[in-house]
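Observations on the three-dimensional arrangement
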Amino acid sequence: MDEQYDAIVLGTGLKECVLSGLLSVNGKKVLHMDRNDYYGGASASMTPLEKLYEAFKKPNSPPESMGRGRDWNVDLVPKFLMANGLLVKMLLHTDVTRYLEFKNIEGSFVWKKGGKVHKVPSTESEALTSGLMGIFEKRRFRNLLVWVMGYDADDQETWKGLSPDMPMKEAYAKFGCDGNTQDFTGHALALYTTEDYLEQPLLETVKRIKLYRDSVARYEGTKSPYLYPLYGLGELPQGFARLSAIYGGTYMLAKPIEEVVMEGGKVVGVKSEGEVAKAPLVIGDPSYFPDQVKKEGEVVRAICLMDHPIPQTNNAVSCQIILPGNQVDRKNDIYIACVSAAHHVAAEGKYIAICSTMVETGNPEAELAPAFQTIGPVLEKFVSVDPLLVPTGDGKDSGIFVTKSYDASSHFETTCLDILDVYKRCMGEELDLDTPRKPAAEE
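All figures in this text were calculated on a predicted structure; none of them were measured in a lab.

**Remarks on the overall build of the chain**
Scanning the chain from N- to C-terminus turns up 11 helices and 20 strands. Taken against the 2.2 N^0.38 rule, which gives 22 Å for 443 residues, the C-alpha radius of gyration of the chain at 22 Å falls within 12% of a compact globule. Projected onto its principal axes, the C-alpha positions of the chain cover 70 × 60 × 45 Å. Looking at the chain as a whole, 56% of its 443 residues are labelled buried. Pairs at least 24 apart in sequence give 71% of the contacts found in the chain among residues at least 6 apart.

**Examining the pattern of salt bridges**
The tally for this structure, following the rule as stated, stands at 20 salt bridges. Where arginine 330 meets glutamate 367, a salt bridge forms, and the shortest distance between an N and an O atom there is 2.6 Å. With arginine 330 in the loop between β16 (319-323) and β17 (334-340) and glutamate 367 in the loop between β18 (351-358) and α10 (369-375), the pair connects residues that are 37 residues apart, well separated along the chain. On the accessibility criterion, arginine 330 (12% relative accessible area) is buried.

**Structural notes on the side chain of arginine 301**
Tracing the chain through its elements places arginine 301 in strand β15 (residues 293-306). A distance of 3.0 Å separates a polar side-chain atom of arginine 301 from the backbone oxygen of tyrosine 406. Side-chain polar atoms of arginine 301 contact the backbone oxygen of aspartate 407, separated by 3.1 Å. Filtering out sequence-adjacent residues up to four positions away, arginine 301 remains in contact with Leu76, Val77, Pro78, Cys355, Ser356, Leu368, Phe382, Val383, Ser384, Asp386, Tyr406 and Asp407.

**Points about empty space enclosed by the protein**
Summed over all chains, the structure comprises three cavities of 30 Å³ or more. A volume near 60 Å³ is recorded for the largest cavity. Of all the secondary-structure elements, those providing two or more residues to the lining of the largest cavity are β17 and β18. Here the residues of the lining of the largest cavity sort into eight nonpolar, one polar and two charged. In this structure, the second largest cavity occupies an estimated 40 Å³ of space. Tallied by class, residues from the lining of the second largest cavity come to seven nonpolar, one polar and one charged.

**Considerations on the sheet that holds strand β1 (residues 7-10)**
Spatial strand order, β10-β2-β1-β14-β20: five strands in an open sheet with parallel pairing. Both outer strands of the open sheet, β10 (250-252) and β20 (400-402), are each paired with one neighbouring strand and no more. Adjacent strand axes in the sheet meet at a mean angle of 15 degrees when their direction is disregarded. The pairing of β1 with strand β2 (residues 30-33) spans four bridges and is parallel. Following the sheet pairing, isoleucine 8 is matched in β2 by leucine 31.

**Here we look at the pairing of strand β13 (residues 275-278)**
Here strand β12 (residues 266-272) pairs with β13 via four bridges, running antiparallel. Counterpart to serine 272 in the pairing with β13 is glutamate 275. Between the end of β12 and the start of β13, which pair antiparallel, lie two residues, with glutamate 273 showing a positive phi angle near 50 degrees.

**Points about the environment of threonine 357**
Mapped onto the secondary structure, threonine 357 falls in strand β18. Here the alpha-carbon distance between threonine 357 and aspartate 407, two residues 50 residues apart in the chain, equals 8.4 Å. With sequence-adjacent residues up to four places away left out, threonine 357 is seen in contact with Glu298, Val299, Val300, Arg330, Asn332, Asp333, Ile334, Leu368 and Ala408. Within the structure, threonine 357 has its side chain in polar contact with the backbone oxygen of aspartate 333 (distance 2.7 Å).

**Quick word on helix α7 (residues 179-189)**
Counting buried positions along α7 yields eight of 11 residues, so the element is predominantly enclosed. Within the sequence span of α7, burial applies to Thr181, Asp183, Phe184, Thr185, Gly186, His187, Ala188 and Leu189. In this fold, the buried residues of α7 make contact with β7 (107-112), α5 (135-150), α6 (168-175), α8 (202-218) and β16. If you check the start of α7, you find a side-chain oxygen 3.2 Å away from the backbone N of asparagine 180, and it comes from aspartate 178.

**Examining the state of the cysteines**
Overall, the coordinates contain zero disulfides when judged by the stated rule. With no disulfide of its own, cysteine 17 lies 14 Å from the sulfur of cysteine 416, the closest cysteine sulfur. Overall, cysteine 17 belongs to the buried group, its relative accessible area being 0%.

**As for the packing of aromatic side chains**
This structure, assessed with the given rule, holds 11 aromatic pairs. Consider the rings of phenylalanine 80 and tyrosine 226, whose centres lie 5.9 Å apart with planes at 45 degrees: the pair is tilted. In this pair, phenylalanine 80 is assigned in the loop between β4 (74-75) and β5 (81-82) and tyrosine 226 in strand β9 (residues 226-229), connecting sequence segments 146 residues apart. We note that phenylalanine 80, like tyrosine 226, is buried. Taking the centre distance of 5.0 Å and the plane angle of 75 degrees together, the rings of tryptophan 147 and tyrosine 151 count as edge-to-face. Taken together through their ring pairs, the aromatic side chains of Phe80, Tyr212, Tyr226 and Tyr228 make up a single cluster. The ring of phenylalanine 382 has lysine 58 lying over it, and the distance from NZ or CZ to the ring centre is 4.9 Å.

Reading guide: rules and limits
- Residues numbered from 1 in each chain as written.
- Predicted model: local features only at pLDDT ≥ 70, side-chain atom pairs only at ≥ 80, totals over all residues.
- Heavy atoms only, no water.
- Helix = DSSP H or I, 4+ residues; strand = E, 2+ residues; numbered from the N terminus.
- Rg over C-alpha atoms; globule rule 2.2 N^0.38 Å.
- Buried < 20%, exposed > 50% of the residue type's maximum accessible area, 1.4 Å probe, protein only.
- Contact = heavy atoms within 4.5 Å.
- Salt bridge = Lys/Arg side-chain N within 4 Å of Asp/Glu carboxyl O.
- Polar contact = N/O pair within 3.5 Å; in protein donor to acceptor, adjacent residues only side chain to side chain.
- 1 Å grid on protein atoms, 1.4 Å probe; cavity = no way out; pocket = protein on both sides within 12 Å on 5 of 7 lines; lining within 4 Å.
- Points joined across faces, edges and corners; volume = space filled by probe spheres on them.
- Nonpolar A, V, L, I, M, F, W, Y, C, P; charged D, E, K, R; others polar.
- Pairing = 2+ DSSP bridges.
- Axes fitted to C-alpha atoms, helices over the stretch in contact; angles between N-to-C directions.
- Disulfide = S-S within 2.5 Å.
- Phe/Tyr/Trp six-rings, centres within 6.5 Å; stacked < 30°, edge-to-face > 60°.
- Lys NZ or Arg CZ within 6 Å of the ring centre and 35° of its normal.

Limitation: the analysis is restricted to geometry and does not speak to function.
See the structure below:
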């Protein structure tokens, strides 16, 4: 293994596999290692079901009523893809789509104080029929939507007196939108996780609402902007790993990492089982670099196995429900991602609802109480609390580039922003997702 590489990637989470695929496509000689014997790292899908019980150290094994174990593929980190979002752009840019099959998520909902679940309105006609708002508020929200969809940062005629750098709260004030409307617009349409966006330039919020609306419109007859791969999210890192392999990337699973070798403050390689693989660039997930990350909070996730669809969702076989922080008297939103046998991730007649949020108290599981009340009775529950780790440095001096942990959000946009950031830092240039890539002959 004493070989020279352009880059070494540690961990086979989605972020690391996307980065190794992108580096390989750009002509870099990549070695990819993981201490685990499976792909996906922290973002793996557990299959068969027995593996999930083992991972959470459950004293019992799955009962027969759960069906065949191999029919289950349970994600440890639940996330959906926006149909027009960054991850779809990366999949199309790299042509990894040919290894995967996707299906729409049936519903996109938002929770309102009092426990009622409503479809997220994304069109002018839905705005006028939504049960989220009273009659006068519906018109105000519709006017806001019309303004957003016509907004052009380069055309002052479309601004209606609201310049791109004004805070978003000014737009809400202009259209007279109340707190409830602001909650579902900012959190269920623009997908912000906290209220900080209200003070930030409105152009970003406008772009996010347009992304949501365009994602819903991308496939005719769909009711949500989200996609999800058949057989679970574990398929995604494997797809990018195949891409890397086509371009000469080398993969080694079940490989213990003994040391990241440094000389004069710069990385020179990685030591495993007594041998050193050399490279001037090392990328990895936070678990490989405990001394180069800091904790920015914790994420609590509860994987709930059920035998019924979530109430108030029109029996949707898959859906996302966002509980805005203000509606549940919290700073951070709570997310529910639900999938089922329709995506080949559960036995027939069974459902997986994964509830997640940022931890705010000393009793993380109790913070998910509004989500548990929303999804109804569960057959089995698996709860985890994971630190949210971020790198302490940018890696430019050391040559070590560390990704962030996965946050509580139930979509991939923040994940992709981290991938783009790491790519720019280690390659010195932005990833161009808009210019079509010319595939290699072997593809």
